[in-house]
Amino acid sequence: MAQTGDTYTVQLKQSHLNWGEYRNPTNRDIIPGEGYIPIPKNYAVNFGIFNSNHSQSGFGYNLFQASSADGFLNNVTLLAQGCSTAGDVYAKQFSVHGNLQTIGDWYRNCNASPSNLVRVSWTSPTTILLEII
């Protein structure tokens, strides 16, 4: 489980900024405006960030309350999801639970581009502060 003070920074890519349009839409329609925050595998393992394949779920495992340093996001619930190989228990991305467009909206509000970084910092084991750098 992540602890207060844990942090990681990751470079944004076009697929993070425009997931609903940029990806290869083989299993669903194109949805403009979607975005997500990547979780590098080493941080998912070190911080215990799991997806739905793991036996434990809930806040601190695959759910987190998050706000952004700029105030655009305020106490939204992030869902850790996806995996890099089938059946893996470690998550590869964060999205707002139930709404893949909220992170995309935040990126657009910040004028984020692939030249930006995202800093993800735990302010407690269940709360996260997000920042575009």
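Please refer to the structure placed before this passage.
My aim in this report is to walk through the structure given alongside it, one point at a time. The structure displayed is predicted, hence computed values, not measured ones.

Cut-offs and rules
- Residues numbered from 1 in each chain as written.
- Predicted model: local features only at pLDDT ≥ 70, side-chain atom pairs only at ≥ 80, totals over all residues.
- Heavy atoms only, no water.
- Salt bridge = Lys/Arg side-chain N within 4 Å of Asp/Glu carboxyl O.
- Helix = DSSP H or I, 4+ residues; strand = E, 2+ residues; numbered from the N terminus.
- Buried < 20%, exposed > 50% of the residue type's maximum accessible area, 1.4 Å probe, protein only.
- Core = buried A, V, L, I, M, F, W, Y, C linked by side-chain atoms within 4.5 Å.
- Contact = heavy atoms within 4.5 Å.
- Pairing = 2+ DSSP bridges.

## Things to note about the pattern of salt bridges
(1) Moving on: Under the definition given, this model contains three salt bridges.
(2) Moving on: A salt bridge links lysine 41 to aspartate 88; its shortest N-O distance comes to 2.6 Å. Here aspartate 88 lies in the loop between strand E4 (76-81) and strand E5 (93-96) and lysine 41 lies in helix H3 (residues 41-47), a separation of 47 residues in the sequence.
(3) Moving on: Under the relative-accessibility criterion, lysine 41 is labelled partly exposed at 39%.
(4) Moving on: Judged by its relative accessible area of 11%, aspartate 88 falls in the buried class.

## Topic: the nonpolar core
(1) Moving on: Ranked by size, the top nonpolar core spans 29 residues in total, and within it Ile37, Ile49, Phe94, Tyr107 and Trp122 carry the most contacts.
(2) Moving on: Put simply, the parts of the chain that give this core at least two residues each are strand E1 (7-11), H3, strand E3 (63-68), E4, E5, helix H4 (101-109), strand E6 (117-124) and strand E7 (127-132).
(3) Moving on: Aside from chain neighbours lying at most four places away, what touches tyrosine 107 is Leu12, His16, Leu17, Gly35, Tyr36, Ile37, Pro38, Ala112, Val118 and Ile132.

## Structural notes on unusual backbone geometry
(1) Moving on: With phi around 60 degrees, asparagine 75 is a residue other than glycine that occupies positive phi space.
(2) Moving on: Relative to the helices and strands, asparagine 75 resides in the loop between E3 and E4.

## Comments concerning the sheet that holds E3
(1) Moving on: Strand order across the open sheet formed by seven strands is E1-E6-E7-E3-E4-E5-E2, with mixed pairing between neighbours. A single partner strand is all that each edge strand has here, and the edge strands are E1 and strand E2 (37-38).
(2) Moving on: As judged from the four bridges shared by E4 and E5, these two strands associate in the antiparallel manner. The residue of E5 that forms the bridge with alanine 80 is phenylalanine 94.

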